[in-house]
Amino acid sequence: MNGVQTRFKCKLDVKRCKRFVFPPSSLLPRSNALKTKAIRYFQTDRTLTRIVSPPLKELMSCFFIKVNNQTAPPKVGITAKESGTYNDFTNLNIGGIKRDGSNGVSEVSYIMLETVDDLHLLQPGSALHISVCTPERFLREGCKVIRKGYGYPSVFNPDTYVMELMRQGKTPEDAREGGCSGCIEVGAFGKEAYILTGYLNVPKILEVTLHNGTDPVSGKKVGLVTGDPCTFRSYEALYDAFLKQIHYFVDMKVRVSNYIDRMFAKYAPATFLSLFIDDCIAKGKDYYNCGPRYNTSYIQCTGLGTITDSLSVLKKHVFEERKFNMEQIIHATDTNFEGQEAMRQFILNRTPFFGNDDEYADRIAIQIFNDLYDAIEGKPNTKGECFHLNMLSTTCHVYFGKMMNATPNGRLAGRAISDGTSPSHGADTHGPSAVIKSLGKLDQVKSGGTLLNQRFLPSLLKHDEDIAKLASLIRSYFALGGHHIQFNIVDTATLHAAQKHPEEYRDLLVRVAGYSDYFNDMNTDLQYDVIARTAQETF
């Protein structure tokens, strides 16, 4: 093909790209439809791809800019308090596997990575999908972008999430064509309505349990009367009361969510969206009213690290070693450890915490995870299918912390609880290898997504051989069945300097939840949440 023909082809592709991005960005950029169409439009043979690579990069850049110009709707009321500045979660799934299970990485995948690195915009978000069949070169190129410190791309494991989707009833082909849409939840693109029905503050349920069904912050009776915890003679008795409260709140959540879903189906149809989702037209039903091929409801549980560590404190120091009694712990948490700093420091330094490959703490985390699954899984929704467990928090863990007193693990009142399945802030003291071993003990296929945040010092990824180590860490976690992992590459001094001199750090991007944001656009609470994450110095 000569130069004139190549340029002509690129002009045609520009027109196609313009048509592609015309619908609202909330529809198409969430899926890997962009990549599929890009391959169809751009990829002929490897020689041609190399010849036209610069104009293709320009075209891809224009697409990114187009998506970034679609601003998120303003947030008001409780949503604004919970979410802060988060964007529309227009995620591009890069790499992964094809419909037949083969490697999905192409030349377009590398062009996408280069565009992410060149522009580093807020949107679209980007995610690497790394299967066992993914070329090592692609993973390492992605790790080089991660090293830049934009907070993206995040990294997903198709080998795990395909099994998650198949467990929920998807065909293997539909599951393989799926991926991440939004934060870390996964679904069958273009074929499924997967609804996130709301977040469950699991540490708050323990707080209510420790006050016999009363919320100590509001003073209102909100849960079951499960007994005065000071009368419990064993950890098992305490956990049994906690589990009863979990079932009570999950059942309440399901009833309310089903009512809301019925109202959406009746009064708020998504007519335009239904045109793009398989089976809605064939069935003659709306997206919110059983139209899609699959109809999934998720309950997102938050604070696994905080609840695990709190129960570890109670089990070890109250019931086993009797260092403290229950009354002392409850008094300390109700008074924010005022006058009890010696107790708090003992707890912080002498307790097995989740995220350190410690069997004592990890067994507690496994039990909580499995019991949350049992409480949620299979609860019927309004569309003939059922609810499933999801382990993500977006930014609700910050808001939830504001609604709580101090917790038994030493967390102070008003501070954020842990996010997703990440360890508690500062609790993962044995490095990221220990973190992934702890999380690898959870059967993550039972969920529809698990969020894992990690923060590395830039010096940890300074050399080329460090890129290989990061790639090995990701491969190792995914071999253990991990669903997702994402990284901030920034030191604490830089974050504090950005708070003090924001005008000098206007372009500082950090990973918040399933998205990145400019550090100085975030409120103080979200900034502290990022700063408080353990800064890992070694692998």
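Residues numbered from 1 in each chain as written. Predicted model: local features only at pLDDT ≥ 70, side-chain atom pairs only at ≥ 80, totals over all residues. Heavy atoms only, no water.

**Student:** Can you break down the overall build of the chain residue by residue, with the values?
**Tutor:** Regarding its fold elements, the chain presents 22 helices and 14 strands. For the chain, the proportion of its 539 residues judged to be buried stands at 57%. Intrachain contacts of the chain at a sequence separation of at least 6 include 73% that bridge at least 24 residues. Approximately 21800 Å² of the chain is accessible, and the part contributed by carbon and sulfur atoms is 53%. (Helix = DSSP H or I, 4+ residues; strand = E, 2+ residues; numbered from the N terminus. Buried < 20%, exposed > 50% of the residue type's maximum accessible area, 1.4 Å probe, protein only. Contact = heavy atoms within 4.5 Å. Areas by Shrake-Rupley, 256 points an atom, 1.4 Å probe, with all protein chains shown as cover.)

**Student:** Could you give an account of the sheet that holds strand β11 (residues 484–489), naming the residues involved and the relevant values?
**Tutor:** The 6 strands are arranged β1-β2-β3-β11-β10-β14 in an open sheet whose pairing can be described as mixed. Both outer strands of the open sheet, β1 (91–95) and β14 (535–536), are each paired with one neighbouring strand and no more. By the bridge criterion, 3 bridges tie strand β2 (residues 125–129) to strand β3 (residues 154–156) in an arrangement that is parallel. By the bridge assignment for β3, His 129 is matched with Phe 156. (Pairing = 2+ DSSP bridges.)

**Student:** Describe in detail the pairing of β11, supporting the description with residues and values.
**Tutor:** Within β11, 6 of the 6 residues are buried, which leaves the element mostly enclosed by the surrounding structure. As paired strands, β3 and β11 are joined by 2 bridges and run antiparallel to one another. Bridging across to β11, Val 155 finds its partner in Ile 485. Alignment of strand β10 (residues 453–456) against β11, held across 4 bridges, turns out to be parallel. Bridge assignment links Asn 453 to a residue of β11, and that residue is Gln 486. This β-α-β element, β10 to helix α20 (residues 464–479) to β11, shows right-handed connectivity. (Right-handed = clockwise from strand over helix to strand, strands pointing away.)

**Student:** Would you mind going over the pairing of strand β6 (residues 192–201) in detail, with residue names and values included?
**Tutor:** When you tally the buried positions in β6, you get 8 out of 10 residues, the bulk of the element. Both β6 and strand β7 (residues 294–302) contribute to a ladder of 8 bridges, which runs parallel. If you follow Glu 192 over to β7, its bridge partner there is Tyr 294.

**Student:** Help me get a handle on a nonpolar patch on the surface, residues and values and all.
**Tutor:** On the surface, Val 256, Tyr 259, Ile 260 and Phe 264 cluster together to form a nonpolar patch covering roughly 370 Å² of accessible area. Counting through the fold element by element, Val 256 comes out in helix α11 (residues 235–267). (Patch = residues over 30% accessible without salt bridge, like charges linked within 9 Å, V, L, I, M, F, W, Y side chains within 5 Å. Salt bridge = Lys/Arg side-chain N within 4 Å of Asp/Glu carboxyl O.)

**Student:** Could you give me a rundown of the environment of Leu 196, with the residues and numbers involved?
**Tutor:** By the element assignment, Leu 196 lies in strand β6. In this structure, the C-alpha to C-alpha distance between Leu 196 and His 388, residues 192 residues apart in sequence, is 9.8 Å. In this structure, Leu 196 is in contact with Glu 185, Tyr 298, Gln 300 and Asn 390, ignoring residues within four places of it in sequence.

**Student:** How would you explain the packing of helix α7 (residues 136–147) against α20 if you had to name every residue and give the values?
**Tutor:** Running from N to C, α7 and α20 point in directions that differ by 110°, and their axes come no closer than 9 Å. One way to sum up the angle between α7 and α20 is to call them roughly perpendicular. The handedness of the crossing between α7 and α20 is right-handed. Counted together, Glu 136, Leu 139, Arg 140, Cys 143, Lys 144, Ile 146 and Arg 147 of α7 and Asp 464, Ile 467, Ala 468, Leu 470, Ala 471, Ile 474 and Arg 475 of α20 form the full contact between these two elements. (Axes fitted to C-alpha atoms, helices over the stretch in contact; angles between N-to-C directions. Parallel < 35°, antiparallel > 145°, perpendicular 65-115°, else oblique. Left-handed = near helix turned anticlockwise from the far one by under 90°.)

**Student:** Before we move on, can you summarise the side chain of Asp 286 with the specific residues and values?
**Tutor:** Residue placement: Asp 286 occurs in the loop between α13 (280–283) and β7. Put simply, Asp 286 is tucked away with no salt bridge, and the nearest opposite charge, on Lys 383, sits 8.2 Å away. Those residues in contact with Asp 286 that lie beyond four places of it in its chain are Pro 269, Ala 270, Thr 271, Ser 274, Cys 280, Gly 291 and Pro 292. (Lys, Arg positive; Asp, Glu negative; His and termini not counted.)

**Student:** Could you give an account of the pattern of salt bridges, with specific residues and numbers?
**Tutor:** What the rule picks out here adds up to 27 salt bridges. For the salt bridge of Arg 167 with Glu 377, the shortest nitrogen-to-oxygen distance reads 3.0 Å. In this pair, Arg 167 sits in helix α8 (residues 158–167) while Glu 377 sits in the loop between α17 (359–376) and β8 (387–391), placing the two residues 210 residues apart along the sequence. Residue class for Arg 167 comes out partly exposed when judged on its relative accessible area of 28%. Salt bridges here are not isolated pairs; linked through shared partners, they connect Arg 99, Asp 174, Glu 177, Lys 191, Asp 278, Asp 279 and Arg 293.

**Student:** Lay out the sheet that holds β8 with the relevant residues and their values.
**Tutor:** Spatially, β6-β7-β8-β9 is the arrangement adopted by the 4 strands of the open sheet, whose pairing is parallel. Edge positions in the open sheet fall to β6 and β9 (447–450), since each of these has one partner strand only. Here the average twist between neighbouring strands, direction ignored, is 25°. Summarising the sheet, β7 and β8 pair through 4 bridges and their orientation is parallel.

**Student:** Talk me through unusual backbone geometry; I want residue IDs and the actual numbers.
**Tutor:** Pro 124 follows Gln 123 through a cis peptide bond whose omega is 0°. Considering the arrangement of structural elements, one finds Pro 124 in the loop between α6 (107–119) and β2. Note the cis peptide between Tyr 152 and Pro 153, where omega equals 0°. Secondary-structure assignment places Pro 153 in the loop between α7 and β3. Positive phi outside glycine occurs at Cys 290, with the angle close to 75°. Structurally, Cys 290 can be placed in the loop between α13 and β7. Look at Asp 357: it is not a glycine, yet its phi comes out positive at around 55°.

**Student:** Please give an account of the packing of aromatic side chains that cites residues and values.
**Tutor:** Inspection of every chain in the model, using the stated rule, returns 13 aromatic pairs. Ring geometry for Tyr 150 versus Tyr 152: centroids 5.8 Å apart, planes at 40°, classification tilted. With a relative accessible area of 12%, Tyr 150 lands in the buried category. The exposure class assigned to Tyr 152 is buried, which follows from its relative accessible area of 2%. Here Phe 324 and Phe 346 contribute two aromatic rings whose centre-to-centre distance is 5.7 Å and whose plane-to-plane angle is 85°, an arrangement assigned as edge-to-face. In this pair, Phe 324 is assigned in the loop between α14 (304–320) and α15 (326–334) and Phe 346 in helix α16 (residues 341–350), connecting sequence segments 22 residues apart. Residue Phe 324 shares its accessibility class with Phe 346, and that shared class is buried. Through a chain of ring-to-ring contacts, the aromatic side chains of Tyr 235, Tyr 239 and Phe 242 assemble into a single cluster. When the ring centre of Phe 346 is taken as origin, the NZ or CZ atom of Lys 323, which lies over that ring, is 4.9 Å away. The cationic tip of Lys 446 hangs over the ring face of Tyr 373; the distance from NZ or CZ to the ring centre is 5.0 Å. (Phe/Tyr/Trp six-rings, centres within 6.5 Å; stacked < 30°, edge-to-face > 60°. Lys NZ or Arg CZ within 6 Å of the ring centre and 35° of its normal.)

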